[in-house]
Amino acid sequence: MNKKAAFIGLGVMGYPMAGFLQKAGYEVTVYNRTTSKAEKWAAEYGGSFATTPKQAADGAALVMACVGNDDDLRSVVLGDDGAFAGMESGSVFVDHTTASSEVAVELAGVAKELGIGFVDAPVSGGQAGAENGVLTVMCGGSQKDFDLAVPAIDAYSQACKLMGDVGAGQTTKMVNQICIAGVLQGLSEGIHFAQKAGLDAEKVIEVISKGAAQSWQMENRYKTMIADEFDFGFAVDWMRKDLGICLSTAKRIGASIPNTALVDQYYADVQNMGGGRHDTSSLIRRLRKLS
Ligand SMILES: NC(=O)c1ccc[n+]([C@@H]2O[C@H](COP(=O)([O-])OP(=O)(O)OC[C@H]3O[C@@H](n4cnc5c(N)ncnc54)[C@H](OP(=O)(O)O)[C@@H]3O)[C@@H](O)[C@H]2O)c1
């Protein structure tokens with residue numbers, strides 16, 4: 001397999017991920033809708049940039065993407081300027097967007113007709129995970145396509161697992177988001193309660209994080225939650241998109257996830273308070289406003 005790779009979507013996540021790929025010895029060409037970000041990336045990492053996804057994908061053995069949602073993904077993959085139009089038979093498309101399992105199956109079907117492999121590979125680990133190259137990646141696809149993609153994914157991940165056929169990566173990510181929604185609401189209530197009770201919230205977390213209440217969110221978010229700082233991280237708008245996917249999938253498969261439905265509505269409140277781009281730990285702001 002040649003070392004030519006493309007990366008489409010240089011947001012909070014994609015920008016550093018593409019950088020790790022270039023640093024790992026791949027010859028990366030990036031595409032970003034807002035070209036100035038692609039220019040900046042190429043100047044910083046020494047790779048190239050293209051002005052369409054097709055151009056970026058031209059001749060690449062691997063094409064990665066990390067854009068917003070299902071429709072964004074379709075818009076960079078399909079059509080005359082889309083990535084698939086530039087990809088050769090035998091190459092593999094790896095999608096790191098958090099999207100539905102349905103769009104993964106849909107695009108994998110189109111890819112198959114063109115002889116292109118497809119792996120849905122959503123990530124967990126947040127902005128810090130991307131900036132430090134230590135993401136967790138959950139994949140769906142064939143063993144063959146997965147094996148071709150893994151050496152490149154290794155450049156920005158600490159764990160990468162094939163979960164099943166196309167769509168299984170996205171379904172696994174849904175489980176991740178369902179778990180996080182509940183944890184963040186619990187953590188928000190805990191910190192809010194501690195502060196209202198007149199306790200030193202930092203001291204509270206320092207002690208309870210050594211016990212059974214410990215979580216990634218607690219370890220990584222308690223200081224900023226206490227300080228009421230949310231201008232970073234994983235946006236509430238994205239979380240609502242993810243929970244929407246979880247809720248519609250739950251309906252389709254007959255799973256009961258009432259707490260997720262409730263927290264989704266709490267996030268709608270945070271959006272109405274102007275916090276759509278704030279980190280998901282901003283759930284606590286809603287409690288502060290209510291009391
Ligand atoms: N941030 C996190 O902590 C995190 C963690 C895990 C998973 N994710 C998931 O990773 C994905 C990206 O998140 P992010 O935080 O990197 O988002 P972001 O900072 O908002 O970046 C989104 C990227 O997608 C591009 N894009 C959006 N719509 C597009 C369209 N219609 N056509 C072409 N390009 C488009 C944007 O281009 P422009 O620069 O032109 O706007 C940008 O490069 C999302 O699915 C998110 O749910 C994020």
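Keep in mind the model is a prediction, meaning the values are calculated, not measured.

Draft legend 1. Summary view of the nonpolar core. Counting 34 residues, the largest nonpolar core has Phe7, Leu21, Met64 and Tyr156 as the members making the most contacts within it. Sorting the residues of this core by element identifies strand 1 (4-8), helix 1 (14-23), strand 2 (27-31), helix 2 (35-45), strand 4 (62-65), strand 5 (92-95), strand 8 (135-140) and helix 8 (143-153) as the ones contributing at least two each. Discounting chain neighbours no more than four positions away, the residues touching Leu21 are Ala5, Phe7, Tyr26, Val28, Met64, Ala152, Ala155 and Tyr156. In terms of nonpolar packing, the next biggest core, distinct from the first, is built from 25 residues, Ala60, Phe93, Ala99 and Ile116 among them.

Draft legend 2. Here's a closer look at the pairing of strand 2. Burial analysis of strand 2 places four of its five residues in the buried class, the great majority of the element. Both strand 1 and strand 2 contribute to a ladder of five bridges, which runs parallel. Residue Ala6 lies in a different strand from strand 2, and its bridge partner there is Thr29. In this fold, the crossover linking strand 1 to strand 2 by way of helix 1 has right-handed handedness. As paired elements, strand 2 and strand 3 (residues 48-50) share three bridges and run parallel to each other. Looking at strand 3, one finds that Thr29 is bridged to Ser48. Crossover connection from strand 2 via helix 2 to parallel strand 3: handedness right-handed.

Draft legend 3. Up close: the site of the ligand. Of all residues adjacent to the ligand, which total 27 residues, the nearest are Asn32, Thr34, Lys37, Gly68 and Lys241. Residue Thr98 places a main-chain N or O atom 3.1 Å away from an oxygen atom belonging to the ligand. Taken by itself the ligand offers 900 Å² of open surface, and the protein chains cover 90% of this. Going through the elements one at a time, helix 4 (70-77), helix 7 (126-131) and helix 12 (236-253) are the ones with two or more residues in the shell around the ligand. When grouped by side-chain class, the residues that make up the shell around the ligand number nine nonpolar, eleven polar and seven charged.

Draft legend 4. Geometry of the domain arrangement of the chain. We note that the domain assignment places domain 1 (4-165) and domain 2 (171-290) within the chain. Centre-to-centre separation of domain 1 and domain 2, based on C-alpha positions: 28 Å. Facing 14 residues of domain 1, the contacting portion of domain 2 comprises 13 residues. In this assembly, domain 1 packs against domain 2 so that about 1,100 Å² is buried in total across both faces, 58% of it on carbon and sulfur atoms. Of all residues in domain 1, Thr98, Ser101 and Met138 give up the largest surface area on contact with domain 2, accounting jointly for 33% of the area buried on that side. At the boundary of domain 1 with domain 2, the tally comes to one salt bridge. Between Glu102 and Arg252 there is a salt bridge, with the nearest N and O atoms lying 3.1 Å from each other. The interface formed by domain 1 and domain 2 includes six residue pairs in polar contact (both at pLDDT 80 or more). Of all elements in the fold, only helix 6 (101-113) and strand 7 (123-124) reach the threshold of two or more residues within the side of domain 1 that touches domain 2. The residue inventory of the side of domain 1 that touches domain 2, partitioned by class, reads five nonpolar, eight polar and one charged.

Draft legend 5. Representation of the state of the cysteines in the model. Counted according to the given criterion, the structure contains zero disulfides. As a non-bridged cysteine, Cys160 has Cys139 as the owner of its nearest cysteine sulfur, 3.8 Å distant. Accessibility expressed as a relative area gives 23% for Cys160, which makes it partly exposed.

Draft legend 6. A look at the environment of Phe7. Considering the arrangement of structural elements, one finds Phe7 in strand 1. Residues Phe7 and Asn132 lie 125 residues apart in sequence; the distance between their C-alpha atoms is 18 Å.

About the cut-offs
Residues numbered from 1 in each chain as written. Predicted model: local features only at pLDDT ≥ 70, side-chain atom pairs only at ≥ 80, totals over all residues. Heavy atoms only, no water. Core = buried A, V, L, I, M, F, W, Y, C linked by side-chain atoms within 4.5 Å. Buried < 20%, exposed > 50% of the residue type's maximum accessible area, 1.4 Å probe, protein only. Helix = DSSP H or I, 4+ residues; strand = E, 2+ residues; numbered from the N terminus. Contact = heavy atoms within 4.5 Å. Pairing = 2+ DSSP bridges. Right-handed = clockwise from strand over helix to strand, strands pointing away. Near = heavy atom within 4 Å. Polar contact = N/O pair within 3.5 Å; in protein donor to acceptor, adjacent residues only side chain to side chain. Areas by Shrake-Rupley, 256 points an atom, 1.4 Å probe, with all protein chains shown as cover. Nonpolar A, V, L, I, M, F, W, Y, C, P; charged D, E, K, R; others polar. Domains from an automatic or database assignment. Buried area = accessible area lost by both parts, 1.4 Å probe. Salt bridge = Lys/Arg side-chain N within 4 Å of Asp/Glu carboxyl O. Disulfide = S-S within 2.5 Å.

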